[in-house]
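So the chains spell out like this:
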Amino acid sequence: MAIRMLMVVGAGQMGSGIAQVAAAAGTEVILQDRDAQALQRAYDRMAQNAAREAEKGRRSAEDNSAMLNRIVVTTDIKAAAQAEMIIEAIVEQKEEKLKLLRQLDRICPPRTILASNTSSLPITELGAATYRADKVIGMHFMNPVPVMPLVEVVRGLATSDETYDEVMELAALMGKTPVAVNDCPGFVSNRVLLPMINEAVFCVYEGVATPEAVDRILKLGMNHPMGPLALADLIGLDTCLSIMEVLHEGFGDSKYRPCPLLRQYVQAGWLGRKSGRGFYIYE
């Protein structure tokens, strides 16, 4: 059964991107956040993205207007009672996500699917915090959402085939390529990507090379479109640290130990693009 009413919780860069691509695909969307200013920024960001698409001839102005009209923004979490499916895209902190999922579990009708955009946290544990573990699933979008085609669809131990099928259908409707993986710390994408980023940070920490040199080597030598440290700044160094901590705790292997320099940057508030400073300085 197709999802007709989707709610996205969290109006940051990921949440607004998810809301945008869902609405562009014809789905009615509720975008919720506790912060009214964050909602306004998200709506403005979606409108700007849509305007750029129109300028490039990818979508008509009429299509963009219809897309934006399908998005309702609210600070009221109780609006979740209207949704057939919810995608949470809040901060990458387990306790915050567990708290939210328990709240949504109380508010939503029994049929509602609860999906998490977590980039590393165990879906089985998130599902176990609710009374609908069969309807909890991971839906890990890549950043920036309107551009990147991949969605990792992560099944917890209790996730039902019906839930999986509906989520795969929705991802395809949104123009994404869903790839199924089973529950594991970091799934596939970040289990492979983040140790590479962490090792790049170690190269800077140990004085092997500057950030610029590390990134240049990966771009020119391995044909990466973006260097690992510039990518870390785009992801957010706090998010990178959180993922490395999940990998380290989940596998108990020292190869996943977060670089002390990464931890120090986060402690300093140097989080990358979103704070104006990370391995590079941004306007």
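Calculation criteria
Residues numbered from 1 in each chain as written. Predicted model: local features only at pLDDT ≥ 70, side-chain atom pairs only at ≥ 80, totals over all residues. Heavy atoms only, no water. Helix = DSSP H or I, 4+ residues; strand = E, 2+ residues; numbered from the N terminus. Rg over C-alpha atoms; globule rule 2.2 N^0.38 Å. Buried < 20%, exposed > 50% of the residue type's maximum accessible area, 1.4 Å probe, protein only. Contact = heavy atoms within 4.5 Å. Areas by Shrake-Rupley, 256 points an atom, 1.4 Å probe, with all protein chains shown as cover. Lys, Arg positive; Asp, Glu negative; His and termini not counted. Charge placed at Lys NZ, Arg CZ, Asp CG, Glu CD. 1 Å grid on protein atoms, 1.4 Å probe; cavity = no way out; pocket = protein on both sides within 12 Å on 5 of 7 lines; lining within 4 Å. Points joined across faces, edges and corners; volume = space filled by probe spheres on them. Nonpolar A, V, L, I, M, F, W, Y, C, P; charged D, E, K, R; others polar. Phe/Tyr/Trp six-rings, centres within 6.5 Å; stacked < 30°, edge-to-face > 60°. Lys NZ or Arg CZ within 6 Å of the ring centre and 35° of its normal. Pairing = 2+ DSSP bridges. Axes fitted to C-alpha atoms, helices over the stretch in contact; angles between N-to-C directions. Salt bridge = Lys/Arg side-chain N within 4 Å of Asp/Glu carboxyl O. Disulfide = S-S within 2.5 Å. UniProt positions renumbered as here; feature names shortened; annotations may be inferred. Expected span 1.5 Å × (residues − 1). Arc of directions from axis to C-beta.

**Comments concerning the overall build of the protein**
Counting secondary structure elements, the protein contains 11 helices and 8 strands. Against the compact-globule benchmark of 19 Å for 283 residues, the protein has a radius of gyration of 19 Å, which places it among compact chains. In terms of its C-alpha atoms, the protein occupies a principal-axis envelope of roughly 55 × 45 × 30 Å. The buried share of the protein, reckoned over its 283 residues, is 49%. Taking the intrachain contacts of the protein between residues at least 6 apart in sequence as the baseline, contacts between residues at least 24 apart amount to 68%. Accessible surface, the protein as shown: approximately 13,500 Å² in total, 53% of it carbon and sulfur. Both charge centroids of the protein, one from 29 positive and one from 34 negative side chains, sit 2 Å from each other.

**So, the layout of surface pockets**
Quantified by volume, the second largest pocket comes out at close to 480 Å³. Residue lining of the second largest pocket: 23 residues in total, with Gln20, Asn49, Glu53, Pro146 and Val147 positioned closest to the centre. If you list the elements that add at least two residues to the lining of the second largest pocket, you get helix H1 (13–24), helix H2 (36–55) and helix H3 (61–69). Split by residue class, the lining of the second largest pocket holds 9 nonpolar, 8 polar and 6 charged.

**Focus: the packing of aromatic side chains**
A complete count under the given rule lists 4 aromatic pairs for this structure. Aromatic rings pair up to connect Tyr265, Trp270 and Phe279 into one cluster. Between Arg155 and the ring centre of Tyr164, over which it is positioned, the NZ or CZ distance is 4.6 Å.

**Some thoughts on the sheet that holds strand S2 (residues 28–32)**
Pairing is mixed in the open sheet, where 8 strands are placed in the order S3-S2-S1-S4-S5-S6-S7-S8. One side of each edge strand has no neighbouring strand; the edge strands of this open sheet are strand S3 (71–74) and strand S8 (177–182). Between one strand axis and the next, the sheet turns by 25° as a mean value, whatever way the strands run. Two strands pair when backbone bridges link them, and strand S5 (residues 113–116) and strand S6 (residues 136–141) are joined in this way by 3 bridges, in the parallel orientation. Of the residues in S6, the one forming a bridge with Leu114 is Val136. Its contacts with the sheet place H1 against strand S1 (5–9), S2, S3, strand S4 (85–88) and S6, and it is angled at close to 165° to S2.

**Some points on the pattern of salt bridges**
For the coordinates displayed, the defined rule picks out 10 salt bridges. The salt bridge partner of Glu84 is Arg4, with a shortest N-O separation of 3.0 Å. One end of the pair, Glu84, is in the loop between S3 and S4; the other, Arg4, is in the segment before S1, and 80 residues separate them in sequence. Overall, Glu84 belongs to the buried group, its relative accessible area being 12%. Given a relative accessible area of 55%, Arg4 falls into the exposed group. Where Lys274 meets Asp238, a salt bridge forms, and the shortest distance between an N and an O atom there is 2.9 Å. Taken together, the residues Lys274 in the segment after helix H11 (260–267) and Asp238 in helix H10 (residues 237–251) connect sequence positions 36 residues apart. Under the relative-accessibility criterion, Lys274 is labelled exposed at 54%.

**Observations concerning the state of the cysteines**
Evaluated as defined, the whole model comprises 0 disulfides. Left unpaired, Cys203 is separated from the closest cysteine sulfur, that of Cys259, by 9.3 Å. Judged by relative accessible area, Cys203 falls into the partly exposed class, the value being 26%.

**Some remarks on the UniProt feature "domain: 3-hydroxyacyl-CoA dehydrogenase C-terminal" (unreviewed entry) in the protein**
Here, the residues flagged by UniProt with the feature "domain: 3-hydroxyacyl-CoA dehydrogenase C-terminal" (unreviewed entry) are residues 186–282. Span residues 186–282 is 62% helix and 0% strand, its end C-alpha atoms 28 Å apart.

**Some words on helix H4 (residues 94–107)**
The terminal C-alpha atoms of H4, which comprises 14 residues, lie 20 Å apart, in line with the 20 Å expected from a rise of 1.5 Å per residue. Burial in H4 covers these residues: Lys97, Leu98, Leu100, Leu101, Leu104 and Asp105. The buried side chains of H4 occupy one side of the element, clustering within an arc of 165° when seen end-on. For H4, the exposed residues set more than 90 degrees away from the buried face come down to Glu95, Lys99 and Arg106. Buried positions along H4 lie against S1, S4, S5 and helix H5 (123–128).

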